[in-house]
Amino acid sequence: MNEIAIYFHWPFCKSKCPYCDFASFCSKDASLYEKFGDYFLEDLKRSVAAIGDKHIKSMFFGGGTPSLMNPQSIAKILDFLSKNYHIKDDVEVTLEANPATFDKNKMQNFKNAGINRLSLGIQSFLDDHLKFLGRIYNGKQALKAAEIVSGVFKNFSFDFMYGYECQTETTLEQDLLRAVRFGCKHISCYQLTFEKNTVFYDNLLVGNIKQIDENKEVKLYEHIEDILKNHNIFRYEVSNYSMLGFESKHNLAYWQYDDYLGIGPSAHSRVTINKNKNEMVKIRDPFLWESALNQNKTTFSYINTLTEKEQLKEAILMGLRLISGITINDLYRKISRETVDRVISKRKMKFLRQKKLMTQKNIQLTNVGLQKMDSVVEFLLN
Ligand code: SF4
């Protein structure tokens, strides 16, 4: 049976972090939160053709800061889906949360609404690190949030950021060990990057912030893996680590190039309809998206059927992020033998293996290959 993952993109945050280039907009207006929570259900009803008879294996409320939502809105969405579609028994329903946006009662209400996995954007437990990252809470509040989440949920994940000046191997270790002590079985560690149109990027240009050097970056990255594997938390994707069986089912759908439907402003989808894989993108601006909904117009900004070569490129780009890589048979099954064999030649694979960038099994990068992923992908596909 075909399966599908559903993503809901919540567009608002209480304030904009200086490094963030996500589609998130600042608003502290609680009436807006209320309204937009209900719009999700409307947008979903307009897009259900994409679900068809597929079984729903995961749902993910991301953003932005979806913990600003009213738990009731989530309960309504899950109620609608369970009455009209097939939801798998072991469905994973994740909510992303910012530590400054909930108390114990609200977290419990999210659980009662049907959330069974919580992803907490801690970033650090240390005051000076949080201040540098422009987060809207301090270390004490981060600890309190972690305590609430670990008290309410069995399955939860903490996000950290690494690769900035005031961070050392010691402070990174302190942060990760705190997460482990809370019983965290899944951890994401994202490298700080300086994206255009962010406050950090502007500061980098005028010399107010410095990028750390590549050696320190590699050391921190390796340090994360060393610390976590001592606690049976293993890297399974470039930036993600988990105990066995606690990998994010939803994110695996992206990396394994399975179907997913995106709901809410700017959400992306990859959905197979009549054997064609379609790229579908929702209107980016939340207020234009809202106005399309209110006027009964489509909320997609565009829909495009992908060629097999485009699908292969995406499948490789996503799949090589997984430490286990992708199998050629999986690519044959998802795309076509003819296209896969034409693009990924034996000669290229042999070359990458000789250079020790690719392992001998599957289409799987070595540790060195992972650090040069962009060039390997480019070589493989051109
Ligand atoms: S809370 Fe998350 S989504 Fe919102 S601005 Fe900060 S990093 Fe971006």
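Everything numeric here is computed off the predicted structure, so don't read it as measured data. (Residues numbered from 1 in each chain as written. Predicted model: local features only at pLDDT ≥ 70, side-chain atom pairs only at ≥ 80, totals over all residues. Heavy atoms only, no water.)

It is worth spelling out the overall build of the protein at this point. Across its full length, the protein carries 16 helices and 14 strands. Taking 2.2 N^0.38 as the reference for a compact globule, 382 residues should give roughly 21 Å; the C-alpha atoms of the protein span a radius of gyration of 21 Å, in line with that estimate. Dimensions of the protein, computed from the C-alpha atoms along their principal axes, are close to 60 × 50 × 45 Å. Scored against the burial criterion, the 382 residues of the protein give a buried share of 54%. Taking as baseline every contact in the protein between residues at least 6 positions apart, the subset at least 24 positions apart corresponds to 68%. Split by element, the accessible area of the protein, about 18,000 Å² in all, is 49% carbon and sulfur. (Helix = DSSP H or I, 4+ residues; strand = E, 2+ residues; numbered from the N terminus. Rg over C-alpha atoms; globule rule 2.2 N^0.38 Å. Buried < 20%, exposed > 50% of the residue type's maximum accessible area, 1.4 Å probe, protein only. Contact = heavy atoms within 4.5 Å. Areas by Shrake-Rupley, 256 points an atom, 1.4 Å probe, with all protein chains shown as cover.)

So, on to the pairing of strand 5 (residues 87–97). When strand 4 (residues 55–63) meets strand 5, the two strands line up parallel, connected through five bridges. Bridged to F61 within strand 5 is L95. In this fold, the crossover linking strand 4 to strand 5 by way of helix 2 (residues 71–84) has right-handed handedness. Two strands pair when backbone bridges link them, and strand 5 and strand 6 (residues 117–123) are joined in this way by four bridges, in the parallel orientation. For L95, the partnering residue across the bridge sits in strand 6 and is L118. (Pairing = 2+ DSSP bridges. Right-handed = clockwise from strand over helix to strand, strands pointing away.)

Quick look at the site of the ligand now. If you check the shell around the ligand, you find C13, S15, K16, C17, Y19, C20, F22, S24, G64, T65, N98 and R135 and nothing else. Looking at side-chain class alone, the shell around the ligand contains five nonpolar, five polar and two charged residues. (Near = heavy atom within 4 Å. Nonpolar A, V, L, I, M, F, W, Y, C, P; charged D, E, K, R; others polar.)

On to the domain arrangement of the protein, then. Domain assignment breaks the protein into domain 1 (3–253) and domain 2 (308–382). Taking the mean C-alpha position of each, domain 1 and domain 2 sit 29 Å from one another. Taken together, the contacts link eight residues of domain 1 with six residues of domain 2. Taken together, domain 1 and domain 2 are joined by one salt bridge. (Domains from an automatic or database assignment. Salt bridge = Lys/Arg side-chain N within 4 Å of Asp/Glu carboxyl O.)

Moving on, we get to the layout of surface pockets. Empty space left among the atoms is revealed by rolling a probe the size of a water molecule over them. Counted as a void, the second largest pocket has a volume near 480 Å³. If you trace the second largest pocket, you find 17 residues lining it, with N2, D259, T272, K277 and K334 closest to the centre. The set of elements that each furnish at least two residues to the lining of the second largest pocket consists of strand 13 (276–282), helix 11 (308–319) and helix 12 (328–334). Residue classes in the lining of the second largest pocket are distributed as three nonpolar, four polar and 10 charged. Residues from two domains meet in the lining of the second largest pocket; each of domain 1 (3–253) and domain 2 (308–382) gives at least three. (1 Å grid on protein atoms, 1.4 Å probe; cavity = no way out; pocket = protein on both sides within 12 Å on 5 of 7 lines; lining within 4 Å. Points joined across faces, edges and corners; volume = space filled by probe spheres on them.)

A few words now on the packing of aromatic side chains. Applying the stated criterion across every chain yields a total of 27 aromatic pairs. Ring centres of W10 and Y33 lie 6.1 Å apart, and the angle between their planes is 65°; this geometry places the pair in the edge-to-face category. With W10 in strand 1 (residues 3–10) and Y33 in helix 1 (residues 30–47), this pair connects stretches of sequence that are 23 residues apart. Y33 shares its class with W10; the two are buried. Among the aromatic residues, those joined into a ring-pair cluster are F8, W10, F12, Y33, F36, Y39, F40, F61, F287 and W289. The residue whose ring lies beneath R235 is Y221, and the NZ or CZ to ring-centre distance is 3.8 Å. Sitting over the face of the ring of F300, K282 holds its NZ or CZ atom 3.9 Å from the ring centroid. (Phe/Tyr/Trp six-rings, centres within 6.5 Å; stacked < 30°, edge-to-face > 60°. Lys NZ or Arg CZ within 6 Å of the ring centre and 35° of its normal.)

A separate point is the packing of helix 2 against helix 3 (residues 104–113). Running from N to C, helix 2 and helix 3 point in directions that differ by 5°, and their axes come no closer than 8 Å. Taken together, the axes of helix 2 and helix 3 lie roughly parallel to each other. Contacts from P71, I74, A75 and L78 of helix 2 reach helix 3 at K106, N109, F110 and A113. Broken down by class, the residue content of the contact of helix 2 with helix 3 amounts to six nonpolar, one polar and one charged. (Axes fitted to C-alpha atoms, helices over the stretch in contact; angles between N-to-C directions. Parallel < 35°, antiparallel > 145°, perpendicular 65-115°, else oblique.)

For N98, the position within the fold is in the loop between strand 5 and helix 3. Classification of N98 as buried rests on a relative accessible area of 10%. What N98 contacts, discounting residues up to four positions off in sequence, is T65, S67, L120, R135, I136 and Y137.

Right, let's talk about unusual backbone geometry for a bit. Positive phi is not limited to glycine here, since S266 has a value of about 70°. In this structure, S266 sits in the loop between strand 11 (260–263) and strand 12 (268–273). In the Ramachandran plot, K356 falls in the positive-phi region, its phi being about 60° despite a non-glycine side chain. Residue placement: K356 occurs in the loop between helix 14 (346–354) and helix 15 (367–371). Taking the relative accessible area as the measure of exposure, K356 reaches 60% and is therefore exposed.

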